[in-house]
Structure formats: structure tokens, C-alpha cells
Amino acid sequence: MSAVTLPSFIEMYRQLIAAPSVSCLEPTWDISNRQVIELLGLWLSSLGFKVEIQELEKQAGKYNLLASIGPEPKNGEASGLLLAGHTDTVPWDEGRWTRDPFTLTEADNRLYGLGSADMKGFFAFVIEAIRDLDLSQLKKPLRILATADEETSMAGARELHRFANLKPEYAVIGEPTNMVPVRMHKGHTTDCVRITGRSGHSSKPAAGLNAISIMHEALGYLKQLEQELKDKFHQPAFEVPYPTLNFGHIHGGDAANRICACCELHMDMRPLPGMRIETLNEMLHAHLAPIQQMYPGALEVTAMHEPIPGYECPADSALVKLAEAISGHRAEPANYCTEAPFVDALGCETIVMGPGSIQQAHQPDEFITLAEIVPAQQQIRALVQKVCG
Ligand SMILES: [Zn+2]
């Protein structure tokens, strides 16, 4: 066991913020999360946790960490509590931060820093919440999970199956919700619809195949899909109670006097919890089938990122009830995606609940308030004690 003395809460926070862990699809911004993982490994092993660190198979140089303490569950049964979070942050807007994003700064009764709310700081909260507990007396296992690349591909969360015997009964993901339990959110898919026609002189339309004209027809079918999603599926808990479809970007052609040979549309869809991604894709392809038939080979649909399914934890589940009692808030839906569907796939009841506000996430001068620190630590401690104590 390590002889490290655990730093104070603020010092842990400071070190987490000071360890850059930006993930970004733009390679010049992308940084390994190794430093954050090593800090967590050091601190958690000093508390007696068994620490496993795995380099991602799909993303070299990025790491997941799982720290475990307490009795091993018998015969592979689901047991104990998993407290989970991501170690990466988004990039920062150089000109818009008024402070150094990597220096934890206390001012205006706030702690500023990149990842202070979303969500490296959560790990300092968790460690502070449990540091004075007698962890040798836990009746059920407590596990801390730290993932990589949540902000880009959710690659870390997609590799959780590689941790043998990770079968918690309950999981809490500490994304910033102001400690309000979140029990469901929609999923997210992004597709590129590309029409390839044939160019030609605009004076002879029949000599080519106009990709913009074909896209115009395709958009009509996609509008029908948008309506069908609205008519067929309904979940009243959401502010927008149906799956949405958005046309976000379109580009085609180069000059007014040329027949457009290529037109590309980027669109996203947000399925309700319980909708299978396969079902959504089947609907998309069925609606575009007439284009396929009329213009063989002209249409191509590709996913622009791996889809994220929706997720829901039942309102009457034990974990939702417990989190509502501890936080004093009714569980809500969220309108953003998290790693919850991948954690949920471990077979546990899963909620999202953590300190800080989602309003601060991905914003310059990101912060948490000093006032929320002690109450959040107490609530996390209560969760651990109720589930594992
Ligand atoms: Zn986050």
C-alpha cells in the first residue's frame, strides 16, 4: 500500500484541475488523461482501494480506472455502489476565460477551473466524503470508476465490460446536476446523408443528375420520418415528449451554371429511452428507400459518431427513491446525454447526480460554488453509508 498522505479537499481539487485532460476530435487539442488517472490511483490506493487501470483498446493513451473496496460479491451477484465520472474535459476558449483554466482560483465564493463542475472535481468530492469512514467495515463493495473520452466518443464507457466482475447494484454518475437526481435522458445519433449525382452544364439538365434536386426529395421523406417519430413515440416526462430529428447542416454544389454532383446533409436524432438504435436506423432507411429505388447508388447514409442510446431508471426504483430522500429533490429527466446508458448496461440501477451546475459545463470561467461543497459531500457520504454501510 502507498505511503501517500491524502491531500486536503481543496488540494485534491487543485491538482485535478492542474492536470490537463482535454479530449477533442481535433488531434491538436487532444491530451491523454493519464495524469488525472494517476492522481486518483494514488489517492484511492492510500485509502485501501484496489486500483485497476486499463488503457482503452480503441483509444491508445487514454485510460479508465476502477477502484474497489469492501467485500467481494458472491457468485457474481450485483452488489454495492458504483460512483462514476469522466476524467476528461472539453477544450477551453482561449480568449474567453478571464482566469487560467488550469489554476484552481477561489473568488466570489466560487472555485473556478476547467473541469471544476464538469466534472473532475466530483472525484475530490467523493474522496473527501469517504476519507473519514471506516472502509474496512463496509458490508457491500464500494467502487469508483473514472472514464476517458466522455466528451468525444464515450470510448471509455464503451469498454466497461473489460473490468471483470463489475456488477454493482446501484450506480451514480456525478455529472453536475446541482445534486438533483436525474433518472432519464434521450439518446443521440448523428448521420450524414450524401447524394452523389453527375455534374454537367446547366443548359442541359438531362445530361447530369442533380444532387440538390434529389436531396430536395429526400428531405420530403425525412420530414415524414420526423412526423412519424412525433406521432408514434411519447414520453410525457420530457419537455419535448417525442424523439426529435434536426437538419443541422447542408452543402451541395459549387456554381450556379453547373449541375450539382454532390449534396450532403448532416442531421441528428434524439431517441426516447427504450427505443433501440437499430429501430431508429431501420425507420431512417425505410423512409429513404424510395430514393434508393429511384436513383440506384446515389444515396449513402453514414453515422458520424457511434450512437448513444437513451436511458431510463424507473421512478419507483430503490436508487431513485433513496437519492430523492437524500437530496430532497424529485428525480428529473435531463436534456443532455451522459455515460448512463453504458453504465446501466452493467445491469444496475443508474442515476446521474453530482455537484455543480450543467449551466457551467463547457463554459468559460467554469465554477462550483463554495456553498454547495459541504452539503454535496454529506449527501455522497449518506449514499455510501446507506448502500454499503
Ligand atoms: Zn460531463
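All of the points below concern the structure found in this document. Keep in mind the model is a prediction, meaning the values are calculated, not measured. (Residues numbered from 1 in each chain as written. Predicted model: local features only at pLDDT ≥ 70, side-chain atom pairs only at ≥ 80, totals over all residues. Heavy atoms only, no water.)

## Here's the deal with the nonpolar core
Here is the rule: As used in this record, nonpolar core signifies buried Ala, Val, Leu, Ile, Met, Phe, Trp, Tyr and Cys residues forming a set joined through side-chain atoms within 4.5 Å. Relative accessible area decides the class of each residue, using a 1.4 Å probe on protein chains only: under 20% of the type maximum gives buried, over 50% gives exposed, and in between gives partly exposed. The helix and strand labels rest on DSSP assignments: H or I over at least four residues marks a helix, E over at least two residues marks a strand, and numbering proceeds from the N terminus. When checking whether two residues touch, look at their non-hydrogen atoms; a contact exists if any pair is within 4.5 Å.
Counting 77 residues, the largest nonpolar core has Leu-40, Phe-49, Leu-81, Leu-83 and Leu-142 as its most contacted members. Ranked by the residues each element gives to this core, the list is headed by helix α3 (residues 121-130), at 8 residues. When near neighbours in sequence (up to four residues on either side) are disregarded, Leu-142 contacts Phe-49, Ala-67, Ser-68, Ile-69, Leu-81, Leu-83, Ile-130, Leu-135, Val-384 and Cys-388. Val-193, Ile-195, Ala-218 and Cys-263 belong to the second-largest nonpolar core, a separate cluster that totals 27 residues.

## Notes on the pattern of salt bridges
Selection rule: Salt bridges are counted wherever a side-chain nitrogen of Lys or Arg sits within 4 Å of a carboxyl oxygen of Asp or Glu.
By the definition in use, this model includes 21 salt bridges. With a closest N to O distance of 3.3 Å, Asp-93 and Arg-96 form a salt bridge. On the basis of relative accessibility, which here comes to 53%, the residue Arg-96 falls in the exposed class. Glu-264 is the salt-bridge partner of Arg-194, the closest N and O atoms lying 2.9 Å from each other. Here Arg-194 is found in strand β9 (residues 189-196), whereas its partner Glu-264 is found in strand β11 (residues 262-270), with 70 residues between them in sequence. Each of Asp-30, Lys-62 and Asp-149 takes part in one network of salt bridges that share partners.

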